[in-house]
Amino acid sequence: MESIEARVRTFVRENFPVSSSDVPSDQSLLESGIIDSIGVLTLVTWIEQEFDIVVADEDVVPENLDSIERIVRFIERKAAGGQ
Amino acid sequence: MAADLVAMDFGCLPPSPLQPAARLAASLGIAELWIKRDDLIGFAGGGTKCRKLAGLADRLRTTGADTFLLSGGGMSNQVRIIAALAAVGGRACEVFIDAAADAPAARFGRFFGAQVHALPDATHWTLNSAIRARLRELAAAGKRAVVIPAASHEDLAAYAQAIGELAAQGLPASPRRTLVVTAAGSGATSAGFLLGLDRHLPQGRLLAVSADRRGSELRTIITRLLASATGLAPEGEDMQRMLARLDVDDRAIGGGYGTRTAEADAAIALAARTEGLLTEPVYTGKALAALCAMSRDGSIDRDERIVFWHTGGVPYLACALAQPLLSD
């Protein structure tokens, strides 16, 4: 089974292709233009379906979703049943 | 009775006129300047966004959606024409605007019967949450809502075809290279134009003048849209060939999206007084302001053949003229 980070990176690369090389883990996805506001909808929907977790509206904040590493940590926390 | 989306008539269709602008060119010291008049096509005030309407209407029809959701800025052309599309096509429309309720796009949205959610302090994140929440409410109410993105692959194809249209309009033979100058917001028009240059006008180049984003961010967005639409690797040879034709300039942004600048207001007045051309302060006015500045400081080749792409938005000029021009 691929790691969560590998799955996230594959999703970002396939849906928001900006570079053949991977984006840095801590790079802001919105400020750098990799993801736009509707792209966040796509990302959230994918997270819910791919990892079978519920993303609440209050979860949709940059602290949880604005970089590869933040997305990975968020998914790990949610999958473990955390808030 | 509401028309079916598939049978809609979008008024004046492309090709848009290609107008010589010798007086404006002379005042800028440019050898050859043409205006591509997309402000004269389409409906609901026209503009380049209207080029995608027929395809978008067809795709929306096949979704079976009864409600369209979209987001946009306070002077969004997309908001205005899609609110009109929904009205004429008998669909509900809800618009999420990151501006005040009296912003021009909000007013036009309501004018066309859309429900406007004005969120002046919204970020990408809070706007997104608002749309998600509304989607759930609409689903619970038995509505079939669809979110319309700022750009799709099909939109880019329509904009690419616009360059094919330009190439077929019979510009006189000239040794000059062609530089297409356009305002850039979502980046979709610019990405489509690059695709079109590659297919139809390979000696041409594109200057995308940002209306709101830093140049590096706009370039990233254009790259992403182009890679998504073509399936090409961003760093592959074909993509790099297309991107090599792109210059991005963010000098005209001023205080950000929608803010007036004296330079844009002066450029708007210059275009009006030399060519009778109406532009507006958010997109076309800033693109003209950049063109003026670059012709003065020599950062563009004044011997190039320049095609200024009028992307529309003229209805918003009336809103802007409610206040004095900053350049007066």
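Residues numbered from 1 in each chain as written. Chains lettered and ligands numbered in written order. Predicted model: local features only at pLDDT ≥ 70, side-chain atom pairs only at ≥ 80, totals over all residues.

Draft legend 1. Here's a closer look at the overall build of chain A. Within chain A, the secondary structure is distributed over 4 helices and 0 strands. Secondary structure elements of chain A, listed N to C terminal, follow the sequence α-α-α-α. Taken over the C-alpha trace, chain A has a radius of gyration of 12 Å; the compact-globule value for 83 residues is 12 Å, and the two agree within 12%. C-alpha extents for chain A along the principal axes are approximately 35 × 30 × 20 Å. The burial tally for chain A puts 33% of its 83 residues in the buried class. Of all intrachain contacts in chain A linking residues separated by at least 6 positions in sequence, the fraction that spans at least 24 positions is 58%. (Helix = DSSP H or I, 4+ residues; strand = E, 2+ residues; numbered from the N terminus. Rg over C-alpha atoms; globule rule 2.2 N^0.38 Å. Buried ≥ 20, exposed ≤ 12 C-beta atoms within 10 Å, placed from the backbone. Contact = placed C-beta atoms within 7 Å.)

Draft legend 2. Quick look at the interface of chain B and chain A. Taken together, the contacts link 24 residues of chain B with 18 residues of chain A. Listing elements by their share of the side of chain B that touches chain A, those giving two or more residues are α5 (124–140) and α8 (215–230) of chain B. Within the side of chain B that touches chain A, the residues separate by chemical class into 12 nonpolar, 7 polar and 5 charged. (Nonpolar A, V, L, I, M, F, W, Y, C, P; charged D, E, K, R; others polar.)

Draft legend 3. Looking closely at the sheet that holds strand β1 (residues 18–20) of chain B. Residues and elements named next belong to chain B. Here we have 6 strands laid out as an open sheet, ordered β1-β2-β10-β7-β8-β9, and mixed in their pairing. Each edge of the open sheet carries a strand with a single partner, namely β1 and β9 (246–249). Taken pair by pair, the neighbouring strands of this sheet meet at an average axis angle of 25 degrees, ignoring direction. (Pairing = 2+ DSSP bridges. Axes fitted to C-alpha atoms, helices over the stretch in contact; angles between N-to-C directions.)

Draft legend 4. Just the environment of H310 of chain B, in detail. Within the secondary structure layout, H310 of chain B lies in strand β10 (residues 305–310). Those residues in contact with H310 of chain B that sit more than four places away from it in its chain are I35, K36, R37, D38, D39, T279 and T284 of chain B.

Draft legend 5. Structural context of the domain arrangement of chain B. Residue and element names in this part refer to chain B. When cut into domains, chain B gives domain 1 (5–48 + 152–320) and domain 2 (66–143). Here domain 1 and domain 2 have C-alpha centroids that lie 26 Å from each other. Contacts between the two partners involve 15 residues from domain 1 and, on the opposite side, 12 residues from domain 2. Of the residues in the side of domain 1 that touches domain 2, the class split is 9 nonpolar, 6 polar and no charged. (Domains from an automatic or database assignment.)

Draft legend 6. Structural view of the packing of helix α3 (residues 77–89) of chain B against helix α4 (residues 104–111) of chain B. All names here are of chain B. Taken N-terminus to C-terminus, the directions of α3 and α4 make an angle of 5 degrees; their axes are 8 Å apart at the nearest point. Classified by the interaxial angle, the pair formed by α3 and α4 is roughly parallel. Between α3, through V79, R80 and A83, and α4, the contact on the second element is made entirely by A105, F108 and G109. Within the contact of α3 with α4, the residues separate by chemical class into 4 nonpolar, 1 polar and 1 charged. (Parallel < 35°, antiparallel > 145°, perpendicular 65-115°, else oblique.)

Draft legend 7. Main features of the sheet that holds strand β5 (residues 115–118) of chain B. Residue and element names in this part refer to chain B. Strand order in this open sheet of 4 strands is β5-β4-β3-β6, and the pairing throughout is parallel. Single-partner strands in this sheet number two, and they are β5 and β6 (145–147). Across the sheet, the axes of successive neighbouring strands diverge by a mean angle of 20 degrees, strand direction being ignored. Pairing of strand β4 (residues 92–97) with β5, which is carried by 4 bridges, proceeds in the parallel orientation. Within β5, the residue paired with I97 across the bridge is A118. Here α4 sits on the sheet in contact with β3 (67–72), β4 and β5, set at roughly 160 degrees to β5. Each of β3, β4, β5 and β6 is contacted by α5, which is oriented at about 175 degrees to β3, the strand it contacts most.

Draft legend 8. Local environment of α3 of chain B. All names here are of chain B. For α3, built from 13 residues, the straight-helix expectation of 18 Å at 1.5 Å per residue is met to within 8% by its first-to-last C-alpha distance of 18 Å. Of all 13 residues in α3, 11 are buried; the element is thus mostly enclosed. Elements in contact with the buried residues of α3: α2 (53–63), β3, β4, α4 and α12 (315–320). At the exit of α3 stands G90, carrying a positive phi of roughly 75 degrees. (Expected span 1.5 Å × (residues − 1).)

Draft legend 9. Representation of the pairing of β3 of chain B within the structure. Counting buried positions over the 6 residues of β3 of chain B gives 5, a clear majority of the element. Chirality of the crossover, the property in question, places the unit of β3 of chain B, α3 of chain B and β4 of chain B among those that are right-handed. (Right-handed = clockwise from strand over helix to strand, strands pointing away.)

Draft legend 10. View of the pairing of strand β8 (residues 205–210) of chain B. All names here are of chain B. Across the 6 residues that make up β8, a large majority, 5, are buried. One crossover worth recording links strand β7 (residues 178–184) to the parallel β8 by way of helix α7 (residues 188–200), and it is right-handed. With 4 bridges joining them, β8 and β9 adopt parallel strand pairing. Looking at the pairing, V209 lines up with D249 of β9.

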